[in-house]
Amino acid sequence: MSEKNATLHMGEKAYTIPVLEGAAGDRSLDIRTLRKDTRFTAYDPGFVNTASCKSAITYLDGEAGILRYRGYAIEGLVEHCSFIQVAYLLVHGALPTHEERDRFGELLNRHSMIHEDMRNFFRNFPEHAHPMSVLSAMVVSMSAFYPELDDTGNEETDMTVTRLLSKMRTIAAFSYKKSIGEPFVYPSHRFSYCDNFLNMMFSSPVKNYQPNPVVSRALNKLLILHADHEQNCSTSAVRLVGSSFANLYAAITAGICALWGPRHGGANQEVIEMLTQIRDAGGDVNNTIERIKDKTSTFRLMGFGHRVYKTYDPRAKVAKRLCEEVLNALGIHDELLDIAMKLEERALSDDYFITRNLYPNVDFYTGIIFRAIGIPTNMFTVMFAIGRTPGWIANWLEMRADPTMRIGRPRQLYVGPELRKVPSFIKEE
Ligand code: ACO
């Protein structure tokens, strides 16, 4: 292999494969013409080894535990920025100036209401519908109410992006109100992005709600932690659906649905359910660890393990610290945190987890923070979706602006029967 090319030897023949280099020294074999040149495809179920695109949005080093949005370390962004600044950074590529931030905030405020007719949809969902099913249905239905998005790079795109970012939290809060049978609370110009969401969730005609700054700060930080994570399952779904030139709402809805699964964003709800079960069974974590290691069981330690991180997820580090800070500041003692810390300690010293590089991921501690700030368990994945929206949008925009973009269309290795004849007894007269 030379600096710029690799050579693939197949029998007598040698094929040159160009080597692409990323900004941080990552290298990739450019196999785009592999099949045309050799008739071979690359077999990679789960895309473990496949770089599906070039991207300038998020950098992740799974061996070193590094995560950066547009070059900024996640730890610094969580410490110094608001979610709105980070959303702007992801979507526009640079942190906003004060004027840009204020204008962005004003636009988000202006687009925060949803079309009055959309309220009818909420009415017809069953009481106990999972908020993720309501969120996904409502986001795709926005394309019926706001159909003017066809192309990218114009004012309509900016408008659609702002609408989506803004209305996500309104839809999320309305789906919660629906699930508890309370009237919807409209967004208000008096509040910031996060406070507005909290107000729509927790105020009612008979209960005035004053957002607590501790809660508001925690929510900002949590949303930043979730804002992007390069080509994960849901972002890849957004890109795949978007590559057919489906509109932004349709593509983001695909992302929401992908996120819902317990192997992805749905894990945050499952972590709390798992910790609650352990508590209710007396709090012994050893049984759980043994059950996970039992090869005949499919049970997994939720909130642990990651496809890319082979060390501690940097988001989990921040979340663990934040969890202790928020609980202290709110004067809460949560037994589930004690159990989570015991589970972590036990797992990190166990050979099963050590040999497989299994560490806490972002979902392990965030649920305890969501609980502490009053978010119900079935809303956890919705919170993740609100946070991930700027990342999905940034990836959709980047893809649509890429002149080399083609429709996403993986190949397969066919292993079914060879050509068969339809038997005569089955033929219709
Ligand atoms: N608990 C127990 N064992 C695990 C866990 C876990 N959480 N995660 C992986 N393993 C084991 C697997 O059983 C497998 O063992 P084996 O080699 O003996 O068969 C090995 O580790 C590799 O696991 P894979 O499933 O092949 O790893 P993959 O990279 O495909 O999966 C995933 C990553 C889905 C995150 C996995 O670790 C998991 O299921 N974790 C629990 C769910 C979770 O927390 N998801 C959230 C991820 S973060 C996010 O999406 C925001």
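Analysis parameters
- Residues numbered from 1 in each chain as written.
- Predicted model: local features only at pLDDT ≥ 70, side-chain atom pairs only at ≥ 80, totals over all residues.
- Heavy atoms only, no water.
- Helix = DSSP H or I, 4+ residues; strand = E, 2+ residues; numbered from the N terminus.
- Rg over C-alpha atoms; globule rule 2.2 N^0.38 Å.
- Buried < 20%, exposed > 50% of the residue type's maximum accessible area, 1.4 Å probe, protein only.
- Contact = heavy atoms within 4.5 Å.
- Areas by Shrake-Rupley, 256 points an atom, 1.4 Å probe, with all protein chains shown as cover.
- Lys, Arg positive; Asp, Glu negative; His and termini not counted.
- Charge placed at Lys NZ, Arg CZ, Asp CG, Glu CD.
- Domains from an automatic or database assignment.
- Polar contact = N/O pair within 3.5 Å; in protein donor to acceptor, adjacent residues only side chain to side chain.
- 1 Å grid on protein atoms, 1.4 Å probe; cavity = no way out; pocket = protein on both sides within 12 Å on 5 of 7 lines; lining within 4 Å.
- Points joined across faces, edges and corners; volume = space filled by probe spheres on them.
- Nonpolar A, V, L, I, M, F, W, Y, C, P; charged D, E, K, R; others polar.
- Pairing = 2+ DSSP bridges.
- Axes fitted to C-alpha atoms, helices over the stretch in contact; angles between N-to-C directions.
- Parallel < 35°, antiparallel > 145°, perpendicular 65-115°, else oblique.
- Left-handed = near helix turned anticlockwise from the far one by under 90°.

A.B. asks: I would appreciate a short explanation of the overall build of the protein chain in the present structure.
C.D. replies: Broken down by element type, the protein chain carries 18 helices and six strands. At 24 Å, the protein chain has a C-alpha radius of gyration in line with the 22 Å of a compact globule built from 429 residues. On the principal axes, the C-alpha backbone points of the protein chain span a range of 80 × 65 × 55 Å. Expressed as a percentage of its 429 residues, the buried residues of the protein chain come to 48%. Across the protein chain, every contact between residues at least 6 apart in sequence was considered, and the portion connecting residues at least 24 apart equals 71%. Surface exposure of the protein chain reaches about 22,500 Å², of which carbon and sulfur atoms provide 51%. Across the protein chain, the centroid of the 49 positively charged side chains sits 4 Å from that of the 50 negatively charged ones.

A.B. asks: Honestly, the domain arrangement of the protein chain in this entry has me stumped. Any pointers?
C.D. replies: Interfaces are often sized by the accessible area lost when the parts come together. Under the domain assignment used here, the protein chain contains domain 1 (2–51), domain 2 (74–263 + 377–401) and domain 3 (267–372). The distance between the C-alpha centroids of domain 1 and domain 2 comes to 38 Å.

A.B. asks: What is the right way to read the side chain of Ser179 from this model?
C.D. replies: With respect to the helices and strands, the residue Ser179 is situated in helix 7 (residues 155–180). Taking relative accessible area as the criterion, Ser179 reaches 18% and is therefore assigned buried. At 2.7 Å, the side chain of Ser179 forms a polar contact with the backbone oxygen of Tyr176.

A.B. asks: What is the right way to read the layout of surface pockets from this model?
C.D. replies: To locate leftover empty space, one rolls a probe as large as a water molecule over the atoms. Space inside the second largest pocket adds up to approximately 360 Å³. Around the second largest pocket sit 21 residues that line it, and Ile84, Gly105, Phe191, Ser192 and Tyr193 are the ones nearest its centre. Top contributing element to the lining of the second largest pocket by residue count: helix 4 (residues 98–110), with six residues. A breakdown of the residues in the lining of the second largest pocket according to their chemical character gives six nonpolar, eight polar and seven charged.

A.B. asks: Any chance you could explain the sheet that holds strand 4 (residues 58–61) here in plain terms?
C.D. replies: By definition, the strands of a sheet pair up through backbone hydrogen bonds, in either a parallel or an antiparallel sense. Within the open sheet, the three strands sit side by side as 4-5-6. Their pairing is antiparallel. Edge positions in the sheet fall to strand 4 and strand 6 (72–73), since each has one partner strand and no second. By the bridge criterion, two bridges tie strand 5 (residues 66–69) to strand 6 in an arrangement that is antiparallel. Paired with Tyr69 across the two strands is Tyr72, which belongs to strand 6.

A.B. asks: Honestly, the pairing of strand 2 (residues 13–21) in this entry has me stumped. Any pointers?
C.D. replies: Every other side chain in a regular strand lies on the same face of the sheet, so the side chains alternate between the two faces. Alignment of strand 1 (residues 5–10) against strand 2, held across six bridges, turns out to be antiparallel. Following the sheet pairing, Thr7 is matched in strand 2 by Thr16. Where strand 1 folds back on strand 2, the antiparallel hairpin that results is connected by two residues, among which Gly11 adopts a positive phi of roughly 60 degrees. Across three bridges, strand 2 lies against strand 3 (residues 27–29) in antiparallel orientation.

A.B. asks: I keep staring at empty space enclosed by the protein and nothing clicks. Help me out?
C.D. replies: All told, the structure shown has two cavities of 30 Å³ or more when counted by the stated rule. What lines the largest cavity is simply Tyr15, Thr16, Ile17, Pro18, Asp30, Ile31, Thr33, Leu34, Asp37 and Thr38. Ranked by residue count, the leading element in the lining of the largest cavity is strand 2, at four residues. Here the lining of the largest cavity is composed, by residue class, of five nonpolar, three polar and two charged. Approximately 40 Å³ is the volume attributed to the second largest cavity. Contributing to the lining of the second largest cavity are Arg169, Tyr193, Cys194, Phe197, Leu219, Leu223, Met383 and Ile386. Those elements giving two or more residues to the lining of the second largest cavity turn out to be helix 8 (193–202), helix 9 (213–225) and helix 18 (380–401).

A.B. asks: What is the right way to read the packing of helix 10 (residues 233–242) against helix 11 (residues 248–260) from this model?
C.D. replies: Closest axis-to-axis distance for the helix 10/helix 11 pair is 7 Å, and the angle between their directions is 150 degrees. Taken together, the axes of helix 10 and helix 11 are roughly antiparallel relative to one another. By crossing handedness, the relation of helix 10 to helix 11 is classed as right-handed. Contacts between helix 10 and helix 11 involve Cys233, Ser234, Ala237, Val238, Val241 and Gly242 from the former and Ala250, Ala251, Ile252, Ala254, Gly255, Ala258 and Leu259 from the latter. A per-class count over the contact of helix 10 with helix 11 returns ten nonpolar, three polar and no charged.

A.B. asks: What should I look at first to understand unusual backbone geometry in this one?
C.D. replies: Most peptide bonds take the trans form, and the phi angle of most residues other than glycine is negative. Backbone geometry places Arg39, a non-glycine residue, at a positive phi of 75 degrees. Structurally, the position occupied by Arg39 is in the loop between helix 1 (34–38) and strand 4. In this structure Arg39 comes out as exposed when scored by relative accessible area, which is 62%. One non-glycine residue, Phe245, adopts positive backbone phi at about 70 degrees. Note on Phe245: relative accessible area 56%, which makes it exposed.

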